[in-house]
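The lines below spell out each chain.
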There are 2 protein chains.
Amino acid sequence: MDSKEFRQEGHRLIDWIAEYLDHADRFPVLSQVRPGEIRNALPDHPPSGGEPFAAIMDDFEQVILPGVTHWNHPRFFAYFPANNSAPSILGELLSAGLGVNAMLWQTSPAATELEQQVMAWLGELIGLPGGFQGSIQDTASTATLCALLCAREKATGFAFNARGPAALDPGRPLRIYCSREAHSSVIKGARIAGFGDENIVTIDVDGARAMDPDDLARKIEADRDAGRRPCCVVATVGTTSTTAIDPLAQIGPVARQHDLWLHVDAALAGSAAILPEKRWILDGIEHADSFVFNPHKWLFVNFDCSAFFVRDPGHLERVMAIDPAYLQTDRDDQVTNFRDWGIQLGRRFRALKVWFVLRSYGSARLREMLAGHIALAGEFAGWLEAAPDWEVMAPVPLNTVCFRYHPTGRNLDEELNAINKGIMDRVNAAGRIYLTHTVLDGRFALRLAVGQTGTQRRHVVEAWEELRRQAASA
Amino acid sequence: MDSKEFRQEGHRLIDWIAEYLDHADRFPVLSQVRPGEIRNALPDHPPSGGEPFAAIMDDFEQVILPGVTHWNHPRFFAYFPANNSAPSILGELLSAGLGVNAMLWQTSPAATELEQQVMAWLGELIGLPGGFQGSIQDTASTATLCALLCAREKATGFAFNARGPAALDPGRPLRIYCSREAHSSVIKGARIAGFGDENIVTIDVDGARAMDPDDLARKIEADRDAGRRPCCVVATVGTTSTTAIDPLAQIGPVARQHDLWLHVDAALAGSAAILPEKRWILDGIEHADSFVFNPHKWLFVNFDCSAFFVRDPGHLERVMAIDPAYLQTDRDDQVTNFRDWGIQLGRRFRALKVWFVLRSYGSARLREMLAGHIALAGEFAGWLEAAPDWEVMAPVPLNTVCFRYHPTGRNLDEELNAINKGIMDRVNAAGRIYLTHTVLDGRFALRLAVGQTGTQRRHVVEAWEELRRQAASA
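Residues numbered from 1 in each chain as written. Chains lettered and ligands numbered in written order. Predicted model: local features only at pLDDT ≥ 70, side-chain atom pairs only at ≥ 80, totals over all residues.

Engineer: Please provide a residue-by-residue account of the overall build of chain A, values included.
Structural biologist: Counting its secondary structure elements, chain A contains 15 helices and eleven strands. Relative to the globule expectation of 23 Å for 474 residues, the C-alpha radius of gyration of chain A, 24 Å, shows essentially globular dimensions. Taking the principal axes of the C-alpha coordinates as reference, chain A spans close to 70 × 60 × 45 Å. Across the 474 residues in chain A, those meeting the buried criterion constitute 59%. (Helix = DSSP H or I, 4+ residues; strand = E, 2+ residues; numbered from the N terminus. Rg over C-alpha atoms; globule rule 2.2 N^0.38 Å. Buried ≥ 20, exposed ≤ 12 C-beta atoms within 10 Å, placed from the backbone.)

Laid out in structure tokens, this is it:
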């Protein structure tokens, strides 16, 4: 593809995306294809000769597009959002064009320094206290893994990196504490970092599914008494099931008292802290050693972009750094080399899209949009509460509502679970709405998360209509 | 930014990138800014009001661009290439526009199934034998970490995931074998996965810096005899310093005999196996349990895109899978959920850009381009060998030449190291050429890797001229 063709096809693709974003609601939200259908439509072998770009785009529209689940759709209410925006798409495009690997300061000083600055901006927007420094990671899974490794090496004085399991006395394992509502990435990270499932201590939650700090203190002390080594607390601000908010102001002092690493996973909810009225969710964040939230979820930066903050970058670097001759530069003592702040050596120039989004929208508009999502979720919860046959199943502090259909006289959870699973399946198969579920104390809960860029009040109204329609056919 | 503005600014950005790629050589290859210069030019606070996109792009050109090191530059000879291409940039753009999170089959069936298919195509192009299945990871660092985790859980029957260090008898650590030329990501992965530095056993290399299979066998046996537990061999096809090729055909049977996991890191060199005349580099790959190469290095797919193949996906899934209620779907037993094939839960739709590249170029053209790079590296090595004051310091099987200036009568390595470091610094400061170094047995070696998309013979000629000019001023 020569430069002339790149311009032509690039313009066409920009127009295609513009049209797509304007009318994402013309597609079923959830792809309706069957397993294997897309792959079976693709040739068995790659072509030997080059093909015109128009032919590839035709195949994209004919073969691939029906297999896309539309995360940009204004009636996408599933999981958590991964919202997107025009300036972010252009930022990603420019980053792809530059093709920079931001592993070292030298391999693109601007990539490192813009990243430092947009991370400072993000910290300011969410009210993070001074003393944190940040870098962009791909996902919260990776950031949480970094935090667990920092905790492991803090507890062992870097002996685990050096010696592995021999760094520990047998019978004195390192212990991690999180609530049973913590994200699966905590368990995954603990496995990867070699803690082992049996050393993840599950802390009780209160009625709002937030971590009980008293139970945390009790379990840490019990472990100490038994000769085990408390190492890390992972608190969640905005759990995946119900956006429960673990009370950092109570958890922090417990972690401090026992000299444990405190990691705060606010993957979705962190963005909400740009709103003064929601800043309370981070009360106590000053106790944290590390903190992650995902601008790619709810701050209009396209996936992937996870903002990972640490209080002691020197510790993180010492945990992560490997320094082979072929990566050394003369300025390594004057600059930040982000290769030593995470798992991967290679890094994309993700700061560009964050910069584009923060400047294009400005903080006032970002606040308006998030407040709008939260208001819609609150309104939806109100409709459920006012309806006799529906119930809200957890508090709604942010943008996510857990609920179920509960017709009068049907009180067996098993039966209600089947009814609600049926509603979800029919709603998703109809393709107008996409929502997913969780399970709360054995009860199947529908889950509606408001957060896509194009979602307006009418889309939430449509969701409510569709849910009642499908419930009526139960 | 509304849809009209997105079209307008998008077209402008496409044109900017087209112009940039046509004339990347008008910039210094290596950014010439000083530490802090970019960050100091950026505002301390994010804006409250939105700003016009044109103002942001102006700042990009004025403030950011001087801080970019130009990986697209035809005279970028540093590290390994991360080559780029027009169809790949458009693929990344489309992926950003769709904004899909490909964590589950359901969250975009086409993202999973196209990924399965392009991975099969890549496997076919490099001559991978049947029985491997692949997924796209961000970088080889992550893929190698996955491999080490697979090895750990194979050796312990999944007890390390479950129990952590308690899964091992004290004094019987798990051991990893790699040559001293292996990439730093092996050490990093071993630390992360909890093996510990002291359990990485360094295998001797031969004169070409390839792993010595006899030394491997000896060290495995010595470990066995001492009661340690051999676990994993990491072989490198195309080492970072000199592109040495570890002999898989000899290493494989040793790994098999001792029932060890064999991971093959061919991050750069794997792409060369699309050439029939270079396929020998993967002789013995049939013994591997896992294999990684990076289309983002040398196959015109923009960073990031790492192709990770495993022989037993069921094992990988069992190592990685966590199955919370909120991620379960009805079809989990009929489909592949790539969330269970790697570290991260969230995943970008990277298959699009691979598909665009393979179809736009076609395999014949890809072969031509790689053969061209290899021929240029060979020609450059020939010039060095013919020149009295220069020497080639390692075999050149592929696209990378290690060499130094060695004027007659100067034979102290210490002195030569300083001279060559000086040459590199002056070359890079001049901004016409960018190359980096390695250290071979205490000797500072300049390193020239040919692989950027726009690199032609004249650019290598210019590098040679520049090197001789800067050497003359030593």
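Engineer: So what's going on with the domain arrangement of chain A? Which residues, and what values?
Structural biologist: Residues and elements named next belong to chain A. Annotation of chain A at the domain level lists domain 1 (1–30 + 69–83 + 362–474) and domain 2 (100–348). Computed over C-alpha atoms, the centres of domain 1 and domain 2 are 29 Å apart. Facing the 19 residues of domain 1 at the interface are 20 residues of domain 2. Elements with a contribution of two residues or more to the side of domain 1 that touches domain 2: helix H13 (351–386), strand S9 (400–405) and strand S10 (436–440). (Domains from an automatic or database assignment. Contact = placed C-beta atoms within 7 Å.)

Engineer: Describe the interface of chain A and chain B, naming the residues involved and giving the relevant values.
Structural biologist: Tallying the contact residues gives 123 residues for chain A and 122 residues for chain B. No other element matches the 14 residues that helix H1 (residues 3–22) of chain A contributes to the side of chain A that touches chain B. Within the side of chain A that touches chain B, the residues separate by chemical class into 61 nonpolar, 42 polar and 20 charged. (Nonpolar A, V, L, I, M, F, W, Y, C, P; charged D, E, K, R; others polar.)

Engineer: Run through the nonpolar core, naming residues and quoting values.
Structural biologist: If you look at the biggest cluster of nonpolar residues, it comprises 333 residues, and the most contacted ones within it are Phe77, Ile176 and Val233 of chain A together with Phe77, Ile176 and Val233 of chain B. Once residues lying within four places of it in the same chain are set aside, the contact partners of Phe77 of chain A are Ile433, Tyr434, Leu435, Leu448, Ala449, Val450 and Ala463 of chain A. (Core = buried A, V, L, I, M, F, W, Y, C linked by C-beta atoms within 7 Å.)

Engineer: Which residues make up the sheet that holds strand S11 (residues 443–449) of chain A, and what values do they have?
Structural biologist: Strands in a sheet are paired, the pairing made by backbone hydrogen bonds, and the direction either parallel or antiparallel. All names here are of chain A. Across the sheet, four strands lie side by side as S8-S9-S11-S10; this open sheet has antiparallel pairing. Both edges of this open sheet fall to strand S8 (390–392) and S10, since each of them pairs with a single strand only. Within this sheet the neighbouring strands show an average axis-to-axis angle of 40°, counted without direction. Packed on one face of the sheet, helix H14 (residues 413–430) meets S9, S10 and S11 and runs near 35° to S11. (Pairing = 2+ DSSP bridges. Axes fitted to C-alpha atoms, helices over the stretch in contact; angles between N-to-C directions.)

Engineer: Could you give an account of the relation of the copies chain A and chain B, naming the residues involved and the relevant values?
Structural biologist: Each copy superposes on the other: chain A lies on chain B with an RMSD of 0.0 Å after a rotation of 180° and an axial shift of 0.0 Å. Taken together, the rotation angle and the small translation identify this as a two-fold axis. (Least-squares fit on C-alpha atoms with pLDDT ≥ 70 in both.)

Engineer: How would you sum up the packing of helix H4 (residues 86–98) of chain B against helix H13 (residues 351–386) of chain B? Please name residues and give values.
Structural biologist: Residues and elements named next belong to chain B. Put simply, H4 and H13 touch, their axes get as near as 8 Å, and they point 150° apart. The angle between the axes of H4 and H13 places the two elements in the roughly antiparallel class. For H4 against H13, the interelement crossing comes out right-handed. Taken together, the residues of H13 that come into contact with H4 (itself represented by Pro87, Ser88, Leu90, Gly91, Glu92, Leu94 and Ser95) are Leu352, Lys353, Trp355, Phe356, Val357 and Ser360. Class assignment of the residues belonging to the contact of H4 with H13 gives a composition of seven nonpolar, four polar and two charged. (Parallel < 35°, antiparallel > 145°, perpendicular 65-115°, else oblique. Left-handed = near helix turned anticlockwise from the far one by under 90°.)

Engineer: Got a sec to walk through the pairing of strand S3 (residues 200–203) of chain A? Specific residues and values, please.
Structural biologist: Residue and element names in this part refer to chain A. As judged from the four bridges shared by strand S2 (residues 174–179) and S3, these two strands associate in the parallel manner. Counterpart to Ser179 in the pairing with S3 is Ile203. Between the parallel elements S2 and S3, the chain passes through helix H8 (residues 184–192) in a crossover that is right-handed. (Right-handed = clockwise from strand over helix to strand, strands pointing away.)

Engineer: Go over the sheet that holds strand S4 (residues 229–236) of chain A with me, naming the residues and quoting the values.
Structural biologist: All names here are of chain A. Pairing is mixed in the open sheet, where seven strands are placed in the order S1-S7-S6-S5-S4-S2-S3. Both edges of this open sheet fall to strand S1 (133–137) and S3, since each of them pairs with a single strand only. Strand-to-strand twist in this sheet, taken as the mean axis angle between neighbours without regard to direction, amounts to 20°.

Engineer: Which residues make up the environment of Leu104 of chain A, and what values go with them?
Structural biologist: All names here are of chain A. Tracing the backbone shows Leu104 in the loop between helix H4 (86–98) and helix H5 (109–125). On a C-alpha basis, the gap between Leu104 and Gln328 in space is 9.1 Å, while along the polypeptide they are 224 residues apart. Setting aside anything within four residues of it in sequence, one finds Leu104 in contact with Leu327, Thr329, Asn337 and Arg339.

Engineer: Go over the environment of His287 of chain A, please, and point to the residues and values.
Structural biologist: All names here are of chain A. Tracing the chain through its elements places His287 in the loop between strand S5 (261–265) and strand S6 (290–293). Look at His287 and you get partly exposed, because 19 C-beta atoms sit within 10 Å. Put simply, His287 and Ala255 are 32 residues apart on the chain and 8.2 Å apart in space, counted from C-alpha to C-alpha. With near-sequence residues (within four places) excluded, His287 lies in contact with Leu248, Gly252, Pro253, Ala255, Arg256 and Leu262.

Engineer: Summarise the packing of helix H9 (residues 213–225) of chain B against helix H10 (residues 248–257) of chain B; cite the residues concerned and give the values.
Structural biologist: Residues and elements named next belong to chain B. For the pair H9 and H10, interaxial distance at closest approach is 9 Å and the crossing angle is 15°. With respect to each other, H9 and H10 are oriented roughly parallel. Considering the relative orientation of H9 and H10, their crossing is right-handed. For the pair formed by H9 and H10, the contact residues are Pro213, Leu216, Ala217 and Ile220 on the first element and Gln250, Ile251 and Val254 on the second. Of the residues belonging to the contact of H9 with H10, the class tally is six nonpolar, one polar and no charged.

Engineer: Quick rundown of the confidence of the model for chain A? Include the residues and the values.
Structural biologist: The predicted model of chain A has a mean per-residue pLDDT of 97, with 100% of residues at 70 or higher. Overall fold confidence for the complex sits at a pTM of 0.98, while the interface term, ipTM, reaches 0.97. (pLDDT = per-residue confidence, 0-100.)

Engineer: Quick one: what's the story with the pairing of strand S4 (residues 229–236) of chain B, residue by residue and with numbers?
Structural biologist: The buried fraction of S4 of chain B is high, at seven of eight residues. In this view, the connection linking S4 of chain B to its parallel neighbour strand S5 (residues 261–265) of chain B by way of H10 of chain B has right-handed handedness.

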